[in-house]
Amino acid sequence: MGIVVQKFGGSSVADVERMRRCSRWVMRAVDAGHRVVVVVSAMGKATDRLVELAEEAWSGPGTMAFERGEGGEVRVKPGSGPPRREVDMLLSTGEQVSIAAMSIVLEAQGQPAISFTGRQIGMTTDASHTRARIESIDAGAIRKQLDAGRVVVVAGFQGVTPEGEITTLGRGGSDTTAVALAAALGAEACEIYTDVDGVYTADPRIVPNARRIDWISYEAMLEMAALGAKVMHPRAVQFGARYGVPILVLHSQQEGPGTLISERIEGMEKIEVAGVAIKADLGRVTLTGLPNKPGVAAAIFAMLADHQILVDDIIQTVVPNGEGGSAVTVSFTVEHSDLADLPPVMDKVLEAVGGGKSTIDVGFSKVSAVGVGIRSHAAVAAVMFRALADAGINIANITTSEIKVCTIVEKADGERALRAIHDAFGLGGG
Ligand code: ADP
Ligand code: ASP
Ligand code: MG
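These remarks concern the structure in this document. Quick caveat: nothing in here was measured; it's all calculated off a predicted structure. (Residues numbered from 1 in each chain as written. Chains lettered and ligands numbered in written order. Predicted model: local features only at pLDDT ≥ 70, side-chain atom pairs only at ≥ 80, totals over all residues. Heavy atoms only, no water.)

1. Points about the site of ligand 1
Point 1. Inspection of the region around ligand 1 gives 17 residues, with Thr-194, Asp-195, Tyr-200, Asp-203 and Arg-205 positioned closest.
Point 2. Taking Gly-10, its main chain carries an N or O atom lying 3.2 Å from an oxygen atom of ligand 1.
Point 3. Interatomic distance of 2.8 Å between a side-chain N/O atom of Asp-195 and an oxygen atom of ligand 1.
Point 4. The fraction of the free accessible surface of ligand 1 (570 Å²) that becomes covered by protein chains is 89%. (Near = heavy atom within 4 Å. Polar contact = N/O pair within 3.5 Å; in protein donor to acceptor, adjacent residues only side chain to side chain. Areas by Shrake-Rupley, 256 points an atom, 1.4 Å probe, with all protein chains shown as cover.)

2. Comments concerning helix 11 (residues 342-353)
Point 1. Its 12 residues give helix 11 an end-to-end C-alpha distance of 16 Å, which sits within 8% of 16 Å, the value for a rise of 1.5 Å per residue.
Point 2. Along helix 11, the positions that sit buried rather than exposed are Leu-342, Pro-343, Val-345, Met-346, Val-349, Leu-350 and Val-353. Axial view of helix 11: buried residues confined to an arc of 160°, hence all on one face. For helix 11, the exposed residues set more than 90 degrees away from the buried face come down to Asp-347 and Glu-351.
Point 3. A positive backbone phi angle near 80° is found at Gly-354, which sits one or two residues after helix 11. (Helix = DSSP H or I, 4+ residues; strand = E, 2+ residues; numbered from the N terminus. Expected span 1.5 Å × (residues − 1). Buried < 20%, exposed > 50% of the residue type's maximum accessible area, 1.4 Å probe, protein only. Arc of directions from axis to C-beta.)

3. Looking at the sheet that holds strand 11 (residues 189-194)
Point 1. Strand order in the open sheet made by the eight strands is 5-8-2-1-11-13-14-12, with mixed pairing throughout. The strands lining the two open edges of the sheet, one partner per strand, are strand 5 (113-116) and strand 12 (215-217). Sheet twist, expressed as the mean angle between neighbouring strand axes with direction ignored, is 20°.
Point 2. Two strands pair when backbone bridges link them, and strand 5 and strand 8 (residues 151-155) are joined in this way by four bridges, in the parallel orientation. Residue pairing in the sheet places Ala-113 in a bridge with Val-151 of strand 8.
Point 3. Against the sheet, helix 5 (residues 139-147) touches strand 1 (3-8), strand 2 (35-40), strand 5 and strand 8, its axis set at about 125° to strand 2. (Pairing = 2+ DSSP bridges. Axes fitted to C-alpha atoms, helices over the stretch in contact; angles between N-to-C directions. Contact = heavy atoms within 4.5 Å.)

4. A closer look at the pattern of salt bridges
For side chains of opposite charge, pairing can occur when their charged atoms come near one another.
Point 1. Counted by the stated rule, this structure contains 18 salt bridges.
Point 2. Here Lys-411 makes a salt bridge to Asp-281, at a shortest N to O gap of 2.9 Å. Here Lys-411 is found in the loop between strand 20 (404-410) and helix 13 (414-424), whereas its partner Asp-281 is found in strand 15 (residues 275-291), with 130 residues between them in sequence.
Point 3. The exposure class of Lys-411 is partly exposed, given its relative accessible area of 39%.
Point 4. Notably, a salt bridge pairs Asp-313 with Lys-366, separated by 3.1 Å at the nearest N-O pair. (Salt bridge = Lys/Arg side-chain N within 4 Å of Asp/Glu carboxyl O.)

5. With respect to empty space enclosed by the protein
Point 1. This structure, assessed with the given rule, holds one cavity of 30 Å³ or more.
Point 2. Here the largest cavity defines a volume of roughly 40 Å³.
Point 3. Lining the largest cavity are Arg-284, Asp-313, Ile-315, Ser-331, Phe-332, Thr-333, Asn-397 and Ile-408.
Point 4. Of all the elements in the fold, those that place two or more residues in the lining of the largest cavity are strand 16 (311-320) and strand 17 (326-335).
Point 5. For the lining of the largest cavity, the element with the highest residue contribution is strand 17, accounting for three residues. (1 Å grid on protein atoms, 1.4 Å probe; cavity = no way out; pocket = protein on both sides within 12 Å on 5 of 7 lines; lining within 4 Å. Points joined across faces, edges and corners; volume = space filled by probe spheres on them.)

6. Description of the packing of helix 9 (residues 296-306) against helix 11
Point 1. Where helix 9 meets helix 11, the closest approach of the two axes is 10 Å, and the angle between their N-to-C directions is 150°. The angle between helix 9 and helix 11 falls in the class roughly antiparallel. In the crossing of helix 9 with helix 11, the sense of the turn from one axis to the other is right-handed. Taking contact as the criterion, the partners of Val-296, Ala-299, Ile-300, Met-303 and Leu-304 in helix 9 are, on helix 11, Leu-342, Val-345, Met-346, Lys-348, Val-349, Ala-352 and Val-353.
Point 2. For the contact of helix 9 with helix 11, the residue count by class is 11 nonpolar, no polar and one charged. (Parallel < 35°, antiparallel > 145°, perpendicular 65-115°, else oblique. Left-handed = near helix turned anticlockwise from the far one by under 90°. Nonpolar A, V, L, I, M, F, W, Y, C, P; charged D, E, K, R; others polar.)

7. Remarks on the nonpolar core
Point 1. The biggest cluster of nonpolar side chains holds 49 residues, and the ones touching the most others in it are Val-37, Ile-142, Leu-181, Met-221 and Met-232.
Point 2. Looking at which element gives the most residues to this core, the answer is helix 6 (residues 174-185), with six residues.
Point 3. Residues in contact with Met-232, not counting those within four places in the same chain, are Asp-175, Ile-192, Met-221, Ala-225, Val-237, Ile-247, Val-249 and Ile-261.
Point 4. Judged by nonpolar contacts, the second largest core, of 22 residues, contains Ala-202, Val-207, Ile-374 and Ala-381. (Core = buried A, V, L, I, M, F, W, Y, C linked by side-chain atoms within 4.5 Å.)

8. Notes on the packing of aromatic side chains
Point 1. Scanning the model with the defined rule gives four aromatic pairs in all.
Point 2. Seen in terms of ring centroids, Phe-8 and Tyr-193 are 4.9 Å apart; in terms of plane orientation they differ by 25°. Their pairing is stacked. Here Phe-8, found in strand 1, pairs with Tyr-193, found in strand 11; they are 185 residues apart in sequence, far enough to count as distant. Grouping residues by exposure puts Phe-8 and Tyr-193 together as buried.
Point 3. With centroids separated by 6.1 Å and ring planes inclined at 20°, the aromatic side chains of Phe-239 and Tyr-243 adopt a geometry described as stacked. Remark: Tyr-243 and Phe-239 occur in helix 8 (residues 234-243); sequence separation between them is four residues, near one turn of the helix.
Point 4. Judged by its relative accessible area of 12%, Phe-239 falls in the buried class.
Point 5. Counting every residue linked through ring pairs, the aromatic cluster contains Phe-8, Trp-25 and Tyr-193.
Point 6. Across from the ring centre of Trp-25, 4.8 Å away, lies the NZ or CZ of Arg-24, which sits over that ring. (Phe/Tyr/Trp six-rings, centres within 6.5 Å; stacked < 30°, edge-to-face > 60°. Lys NZ or Arg CZ within 6 Å of the ring centre and 35° of its normal.)

The analysis is restricted to geometry; functional conclusions fall outside its scope.
Dropping the structure here:
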C-alpha cells in the first residue's frame, strides 16, 4: 500500500478533543496498511491572533494596513506594515505548536509519530515573505521515518529559503503544503479534512441552500478557489493538477463521501455552472491623467508585478484632457492584503510614466460563476446579469473568460448578489 497525506485545518485541530477525533482517520489509514503523512494547521484561530500581535507590536490593533480618512472613509495607511520577515517568524510558530500536540495525541494511542517543521523537511521556498512559493522538498527525511513505521506530522504553511530564513505560504497555505508533499512523495491521494463535508456549489455559510458536489475537475476547482472559495487554497489545486494528485475534501469530525477533485472526466461536466464564489474584500486603484503613448500600461503592470502585487480586472479608457489632447485612465482591482504595499509603488509608477494621479478605494466584492460548460453557453452571462438587475444590484465591472463570468459589485451587495446568482442557475438543493 502507498502513502496517503492527510491535512487537518485549524478548526479541526482547535483543541485536543478534536485532534483525537482527527487521529481516528490517521489510525484507520495506518490499519489499512498505508504509510501516513499528516499536515496540520495552527490550532483554531491561532494564526489570526498572531497577526493581531504583529499589528499591535507595530502600531496598534488593526492599523497594519488601513486607517480612517477625514471623511470617515477607510483608506490605506501609507508605508504601513511590520517587517515581513518578522511577521513570518511569528506566524510560523502556530504550526509548531500543533504538530507537537498532534504527535503527542498519536503517541498516546500507541501510534509512533514524529513532528517536523518546514525546515526539517527541506520545504524550500523563494524569499517573498508572507506569500512564499515552494521551490523544492527533500522527501528523504520523511521517507526514512515512514520506513521506520512512524506517522510523520508536518507543519503546514511554513517553509525556509535556501539562506535559512523562515517563510510562510500565504493564509490558508497548509493545503498547499499537503498537496505539494503528496506530489513529492508520490502519494496515492491527498485528503483535506476540514469543517465542511466537501466542496459546495457556494460557501454554505453564505448560501444556506448550497449543495455538496461529488466531483469537480482541477480546472473548475482552481477557478472557484482563485475566485474566493476558501475551502481550498488555489496553489494547492495547481499542484494537484500539475502532478495528478487526487484531492479528497472531507469533514474532519464525521464520516461522509466528501468531494473528489481530479482530472476532467469526459462527459461529467455537462452542467454549465459548477458553482459560484465571492471575494469580499477588494480595493480599486484608479490612475488618471496618464500620458497617452505606447508603453505606459506595460510600465505600470511590470512594476506591480515586480512588487508581487496581484492585479485583477484591468480597465483602460482614453479621455480628452481639456487641452485638445487626450489622457489615459487605468483602473484595476487588488486584494485588500496588497493595499498596504501600494502607495509607495504607485508613486514610483507615476514617476516612471511621467505624470498622473492615483486614488485607492476600498469596499468592493467580486462575485463569479464558474463552470467548464460556460465556454459553450453565451446565455450564462445573460442569466447572471438579469439576476443582479432583478435584485437591484449595480455592476461596477464585468469580465468573462472560457470558464467564468465575474462581476464587481459594492461590498455591501456582495452576499446578496451571490445568493441571487446561485438561485438563478438553479444550483440550490431541496
Ligand atoms: P480549514 O481551516 O480546514 O483550512 P477553511 O476555513 O480554510 O478550513 O475552509 C473551510 C471553509 O470554506 C468552510 O467553513 C466554508 O465556510 C468555506 N467555503 C467557501 N466556499 C466554499 C465552498 N464552495 N464549499 C465549501 N466550503 C466553502
Ligand atoms: N494557519 C494558517 C492560516 O491560518 C495556514 C492554514 O490554516 O492553512 O492561514
Ligand atoms: Mg483553509
